[in-house]
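Structural characterization, general
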Amino acid sequence: MRSAKREYIVVVAVFAAAAVLLTLPLALNLKRLLPSDQSDTLLSAWIIAWDADRLRHGLRGLFDAPIFYPYRDTLVFSETLLGLGIPLAPVYWITGDPVLTYNLAFLLSFVVAAVGMYLLTRELTGSRAAAFAAGLYYAFGPFRMAQISHVQMMATGWIPIALWGLHRYFSTRRWRWLAVFAAAWILQTLSNMYVGYFIGVPIVVVVADGLWRARGERLRMLLQLTCAAALVLAALAPVGAAYYRARTGYHHVRNTEEAVANSADLRSYMVGKNTIGVWRWLPTAVDLDPERELFPGIFAAGFVALGIFAATRRGSATAFGQTGSATASTGAGSAKVSAGAGSAKASAGAGSAKASAGAGSAKALAERRHWITIYAIIAVAAMTLSFGPHIHVWGTLVSEHGPYGWLLGIVPGMDGMRVPARFAIVVMAALAVLFAFGVEWTLARVAAPFRPLVLAVSVAMVIADSWSVPIQTVRLPMKPSNEQMLDYQFMTLFHHRPIVNGYSGYVTPLVAVLSSVSAPLDEVERFPATVRMLRSLGIRFVVVHPGDYDAAAAASGAGARAIAAFRASGQIVSEAALLTATAFELQPWDGPRASDEPASPIDPRELTVTASESSDRVANLLDGDPDTRWFAGLGGQDGSSWLNIRLARATNVSRVELQIAERSLADYPRQLRIDSVDAAGHLRTLYDAVPYPELGAALVRDASYPTIVVPLPPNDTVTLWIRQTAPTRAAWSVHELRLWRR
C-alpha cells in the first residue's frame, strides 16, 4: 500500500511538472497570460468564475448567468464547465481572480488526463513504464495541443478514469469501483457535455464485453450497472433539465449543414498542424480548421501499430515479454538444486513449474490480445462517428448516411451538438491504450539494462510529435481587445448586474435585432421608441462606449449620435460621464402591460386578405405554417406597403398578431398603422406607433417564431387595414397573421 501511494505521488508530480514545462510560458505569469486565442479562453474563464461564485451562494441562480438579459438559462447557451468550476472554486474565492483560476484549471486538466490514462493502461498492461508513456501521450499529444483554446477539450481526463473504474469493477466485482466509474462519468459530463455523450461508445463496448465474460453473474452485474447509470442520470438531471428548457424554449438545435461542416474528414487524422510537433515543416502540415485538427502523431501511430502487430502474432506465448518465463525458469532451477538426491522428483516439479508458467504467460498474452481488440474496435467506431452525418475521405463524399446521422435520430439532445469531429477525443483515448501496448511490446524486446533508454526515447518521440513550446498566449489587458462583448461580459463578475449583450454558443433574438443592419439603436428618427422598448424589458441602465465602435462607425460619429439621442429621448433619470463612456439611467417602465383580456381566435376562413404586393404569397399568411411567409419591399420600402383584411361579419377585434421567424428577424415593421372600417364605411385609426415595445416582448416570449401582439381598443370592424408606413432599407415579413375577437 505504501509503495503504491509513493508511486501515485511520483506520477502526479512528474505529470504536473510536464504540464508546466510543456505549456510554457503560461506558468511564468498565471495572472496575466491566457493560452491561445482571447475569445474562447475569456468565455471559459468567465464561465468557470461564475460557477465558482454561484457555488459560494449555494448554486442559487446558477443557470441564469448575467448575460442576454432578460432571457433565462443563459449559462447553458454553452458548456457549463461545472466539472472545472466546482473543484477550482476555492481558488476563485480566495483570489477573486478569474484568469488565475482559469489557468490553474487549464494546467490541472493536463495532470488529470495524464494520471487517468496512467491508471487505465497500468491496469490493462501491468507495465508502469508503458502506462507512463501512454499518460504523457494522451495528455500532451498533438490532438490536445491543437485544442488548447478549448479548455473543455482539455478537461477530458475523466474518460480513462471512468474506464479504469469499469475495468476494476469487472475484475473485482466491488461496488466502490462502480462508484469511481459513475463519479468520473458525472465529472466528465459536467466538464464537457459533448464528451458526456461520446464516452458512451467505449462504455457500451467495455460493458458489453464485461457482461459477456461474466457468465453466471450477468444478471447481478447488470442490475448493479443499472444502479450506477441511474445515479449518473440523477446527478446530471438538473443540468440536463436546463439544457432541455433552452433547447425547447430557444430552439437550440443545430441543423445538419452545421454538423456536416464541423465533421472530421479522414484527412483530418493524417495531416499535422503547422505549429505543432516536428512535422510542422513538412509540406502536408497546414493550418487547418481548429475543429478538424485531429492528427494523432506519427511516432505514436508507430507504437500503436506495434501493439496491434504483437497482438496478431501467433504461436508465441511471450509476444509481450519474457519476464514471466524467466522467473518460472529460475524457480525451476532452484527446485532442482535444492532437491539434491531426489533429482527425478525435483525435475518433474521443475517441468510442472515451467508448464504452469507457460500457461500463465499464454493466458496473459490472450488477455492482452483481447484488450487490444476491444480498444481497436472503440477507436474505429469513434473515428467513424467523428465523420458526422456525411462521410468524407480527402474531401470526397463517400456516404450521406454516416452512423452519426443514425444517432441523431435516436439519442435525445445530440441535435444540439455542432461538432461531431470532437468524437476524436475518444479515438485518442483508445489510441493511447494501444500505444501503451506498443510501448510494452517494444520494451520487452530489449535487454533489461536498455529499457530505461528505450522508454526515454519513446517519451521523447511523444514530445516531438506534439512540441508546442512556446504555446500561443495572449497578455491581458489588451487594448483595443477587439472582443468588446467579452469585455462587457467579463465585468459582470465585478459589478454583478445582468447585461443584454453576451458572447456564447448561441445568441438571443433580441441581441440579433439590436446588432443587425438598420437596428433600432441606429435609428435616430425612432429612437424614443427604442428607449421605450428597452424600458419595457426592465432595462434600467445603458452605457455608451464611443471608443468601442468600429472604425467606420466611429468616423461617422455614431457614438456621439447615440449619446445625443438618449439625452433627447425624454426618458432619462440621470446621466454620468465615466472615463471613456457615458452612462444613462432610464425611467422605470410605466406603459401598458400584457393584456389578459378574454378573447377568442378568429377562424382564418372568415378572413379575406389582399396585399399591396407579393399577392402570390398572401395565402402564406393564413396557412398555419410558420416557415412560410408574405413579404413586401425586399429591396427596401417607401412606406406604402399594406395588408387589407375583410371579415365575414362586423367584429370587435381585440388584437392583431404578426408572427415573424428567426430567418426574418430584421424584417419587422418600423412604423405600424392599423385602421378599422365599420359597416357604415367610417375609417378609424386604432393604432399608429413604432411597435418596438411590442417587438421586444415578442423576441423574449418566443425565440423561434416571435409574434408581435398589438392590442386594439373596442371597435366594430368589417375591414382592417395594416400598414407599414416608414421608409426603410429593410423588408417587411409576416409569417402568420392572426386576429382575435372580444
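Further up the page is the structure itself.
These remarks concern the structure in this document. (Residues numbered from 1 in each chain as written. Predicted model: local features only at pLDDT ≥ 70, side-chain atom pairs only at ≥ 80, totals over all residues. Heavy atoms only, no water.)

Quick word on the packing of aromatic side chains
Each aromatic ring pair is described using two quantities: the centre-to-centre distance and the angle formed by the ring planes. Short version of the rule: In this scheme Phe, Tyr and Trp rings, the latter by its six-membered ring, pair at centre separations within 6.5 Å, and the angle between planes marks the pair as stacked below 30 degrees, edge-to-face above 60, and tilted otherwise. Where helices and strands are cited, they refer to DSSP runs of H or I of at least four residues and of E of at least two residues respectively, numbered from the N terminus. Between buried and exposed lies partly exposed: a residue is buried under 20% and exposed over 50% of the maximum accessible area for its type, with that area taken using a 1.4 Å probe on protein chains only.
Going through the model one piece at a time under the given rule, you end up with 22 aromatic pairs. Relative to Phe110, the ring of Phe106 has its centre 5.1 Å away and its plane inclined at 80 degrees; by these criteria the two rings are edge-to-face. Placement of the pair is Phe106 and Phe110 together in helix 5 (residues 98-125), with a separation of four residues, close to one helical turn. As far as the burial class goes, Phe106 and Phe110 line up, both buried.

What to know about the pattern of salt bridges
A side chain of one charge can pair with a side chain of the opposite charge when the charged atoms of the two come close. Inclusion rule: We define a salt bridge as a contact between a side-chain nitrogen of Lys or Arg and a carboxyl oxygen of Asp or Glu at a distance within 4 Å.
Scanning the entire structure with this criterion turns up 29 salt bridges. One salt bridge in this structure joins Arg56 and Asp53, with 3.2 Å as the shortest N-O distance. Taken together, the residues span about one helical turn, with Arg56 and Asp53 both in helix 2 (residues 38-56) at a distance of three residues. For Arg56, a relative accessible area of 44% corresponds to the partly exposed category.

Thoughts on the packing of helix 1 (residues 2-21) against helix 5
In plain terms, the rule: Structural elements are reduced to axes, namely lines fitted to C-alpha atoms, with helices fitted over the stretch in contact, and the angle between N-to-C directions of any two is expressed from 0 to 180 degrees. What sets the label is the angle itself: under 35 degrees gives roughly parallel, over 145 gives roughly antiparallel, 65 to 115 gives roughly perpendicular, and the rest give oblique. Each crossing gets its handedness from the near helix: less than a right angle anticlockwise from the far helix is left-handed, clockwise is right-handed. Contacts are residue-level and defined by heavy atoms, with any inter-residue pair within 4.5 Å sufficient.
Helix 5 packs onto helix 1 with a crossing angle of 140 degrees between their chain directions and a minimal axis gap of 9 Å. Judged on the interaxial angle alone, helix 5 and helix 1 are oblique. For the pair helix 1 and helix 5, the crossing hand works out as right-handed. Seen from helix 1, the contacting residues are Glu7, Tyr8, Val11, Val12, Phe15, Ala16 and Ala19; seen from helix 5, they are Leu107, Phe110, Val111, Ala114, Val115, Tyr118, Leu119 and Arg122.

Considerations on unusual backbone geometry
Cis rather than trans, the peptide bond between Tyr69 and Pro70 has omega equal to 5 degrees. Mapped onto the secondary structure, Pro70 falls in the loop between helix 2 and helix 3 (82-85). Cis peptide bonds are those with omega within 30 degrees of zero, and the linkage from Val469 to Pro470 qualifies with 0 degrees. Inspection of the secondary structure assignment puts Pro470 in the loop between helix 20 (451-466) and strand 4 (473-475).

Looking at the sheet that holds strand 11 (residues 641-651)
Applied cut-off: Think of it this way: DSSP has to see at least two bridges between two strands before they count as a pair.
Spatially, the five strands line up as an open sheet ordered 9-11-16-13-14, and their pairing is antiparallel. At either margin of the open sheet sits one strand with a lone partner, and together these are strand 9 (607-611) and strand 14 (683-689). Shown here is a sheet whose adjacent strand axes are inclined to one another by a mean of 15 degrees, direction ignored. Looking at chain direction, strand 9 and strand 11 are connected through five bridges and run antiparallel. If you follow Thr608 over to strand 11, its bridge partner there is Arg646.

Distances and angles like these do not, on their own, reveal function.
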